[in-house]
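These are the residues of each chain, in order.
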Amino acid sequence: GQNIDQPTEMTATEGAIVQINCTYQTSGFNGLFWYQQHAGEAPTFLSYNVLDGLEEKGRFSSFLSRSKGYSYLLLKELQMKDSASYLCAVFSGGYNKLIFGAGTRLAVHP
Amino acid sequence: DTEVTQTPKHLVMGMTNKKSLKCEQHMGHRAMYWYKQKAKKPPELMFVYSYEKLSINESVPSRFSPECPNSSLLNLHLHALQPEDSALYLCASRSGTGGEQYFGPGTRLTVT
């Protein structure tokens, strides 16, 4: 079957670091995406990992281990505007289809 | 340019109306998608077009009818919708050879 798991909610303090984990079991793998989504808005692309390792983009980093079916999104120097839902999604190879996790709602407090 | 545009931004329609949602991208992407998203849920795939051909239809009711006139445009024709079809409709595109998938801003649809 197809399954993507991530925590439902997380809270963190402004200026801190937070790590959002994602584990997946899919029938194929053609890359893993992280999106940020503010309430009422469309998802915004954050990162795309195809190979194992860490991808860094400013305050955001994403890690992938294909052998473990595991990824995380690391957010540094948290700001209030980082309060949003974070969606982990896997492209299931051969079907051109993106499978989403349920999303993690992150609340950043002063 | 990583922009996907969608029109209209908001749409209110009655159950007997016929309307269309439009999506456009000029990134040369050959895969385009329609998703439906309800509040506090992840996007739910409806249709995938690959090289202007419908490659995936996720058992979507026939009151939703997609159309891909050319490689830059994707439409979703709506007819005889139900109130439960009210949602955010998202278009996305991706290079046919892989890579990043980008979403448009969405159309907020309300069916009365």
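Details of the structure are given in the entry above.
Residues numbered from 1 in each chain as written. Chains lettered and ligands numbered in written order. Predicted model: local features only at pLDDT ≥ 70, side-chain atom pairs only at ≥ 80, totals over all residues. Heavy atoms only, no water.

Caption draft 1: Looking closely at the overall build of chain B. Counting its secondary structure elements, chain B contains zero helices and eleven strands. The N-to-C order of helical and strand elements in chain B reads β-β-β-β-β-β-β-β-β-β-β. If you line up chain B on its principal axes, its C-alpha atoms span 40 × 25 × 20 Å. Classification of the 112 residues of chain B by burial places 47% in the buried group. When the 13 basic and 10 acidic side-chain charges of chain B are each reduced to a single mean position, those positions are 6 Å apart. (Helix = DSSP H or I, 4+ residues; strand = E, 2+ residues; numbered from the N terminus. Buried < 20%, exposed > 50% of the residue type's maximum accessible area, 1.4 Å probe, protein only. Lys, Arg positive; Asp, Glu negative; His and termini not counted. Charge placed at Lys NZ, Arg CZ, Asp CG, Glu CD.)

Caption draft 2: Examining the pairing of strand β8 (residues 70-75) of chain A more closely. Residues and elements named next belong to chain A. Among the six residues of β8, five are classified as buried, and the element is accordingly described as predominantly covered. Relative to β8, strand β3 (residues 18-25) is paired through six bridges, and the arrangement is antiparallel. Bridged to Ile20 within β8 is Leu73. In the sheet, strand β7 (residues 60-65) pairs with β8 via six bridges, with the strands oriented antiparallel. Bridge pairing in β8 links Ser62 to Leu73. What sits between β7 and β8 in their antiparallel hairpin is a turn of four residues, with Gly69 showing a positive phi close to 60°. (Pairing = 2+ DSSP bridges.)

Caption draft 3: Up close: the interface of chain A and chain B. Contact residues are listed per partner, giving 19 residues for chain A and 22 residues for chain B. Summed over both sides, the interface between chain A and chain B buries roughly 1,600 Å², with carbon and sulfur atoms accounting for 58% of that surface. Inspection of the chain A/chain B interface yields one salt bridge. Taking the shortest distance from any N to any O, the salt bridge between B:Glu58 and A:Lys97 comes out at 2.9 Å. (Contact = heavy atoms within 4.5 Å. Buried area = accessible area lost by both parts, 1.4 Å probe. Salt bridge = Lys/Arg side-chain N within 4 Å of Asp/Glu carboxyl O.)

Caption draft 4: Molecular detail of unusual backbone geometry. Residues and elements named next belong to chain B. A cis amide bond links Thr7 to the next residue, Pro8, at an omega of -10°. Turning to its location among the elements, Pro8 is positioned in the loop between β1 (4-7) and β2 (10-13). Unlike most non-glycine residues, Lys40 shows phi in positive territory, near 65°. Assignment of secondary structure puts Lys40 in the loop between β4 (31-37) and β5 (44-50). The backbone of Glu52 sits at a positive phi, close to 65°, despite the residue not being glycine. Within the element layout of this structure, Glu52 appears in the loop between β5 and β6 (53-57).

Caption draft 5: A look at the sheet that holds β8(A). All names here are of chain A. Across the sheet, five strands lie side by side as β1-β3-β8-β7-β6; this open sheet has antiparallel pairing. Of all the strands in the sheet, just β1 (3-5) and β6 (53-57) have a single pairing partner and so form its edges. Between one strand axis and the next, the sheet turns through 15° on average, direction left out of account. Across three bridges, the pairing between β1 and β3 is antiparallel. (Axes fitted to C-alpha atoms, helices over the stretch in contact; angles between N-to-C directions.)

Caption draft 6: Main features of the state of the cysteines. Under the counting rule described, the total for this entry stands at two disulfides over all chains. There is a disulfide in this structure between A:Cys22 and A:Cys88, and the S-S distance comes to 2.0 Å. On the sign convention where negative means left-handed, the S-S torsion of about -70° between A:Cys22 and A:Cys88 marks this disulfide as left-handed. Of this pair, A:Cys22 sits in strand β3 while A:Cys88 sits in strand β9 (residues 84-92), and the two are 66 residues apart along the sequence. As far as burial versus exposure is concerned, A:Cys22 and A:Cys88 are alike and both buried. The disulfide that involves B:Cys23 links it to B:Cys91, with 1.9 Å between the sulfurs. Torsion about the S-S bond of the B:Cys23 and B:Cys91 cystine: about -70°, corresponding to left-handed handedness. In this pair, B:Cys23 sits in strand β3 (residues 18-25) while B:Cys91 sits in strand β9 (residues 87-94), placing the two residues 68 residues apart along the sequence. Look at B:Cys23 and you get buried, because its relative accessible area is 1%. (Disulfide = S-S within 2.5 Å.)

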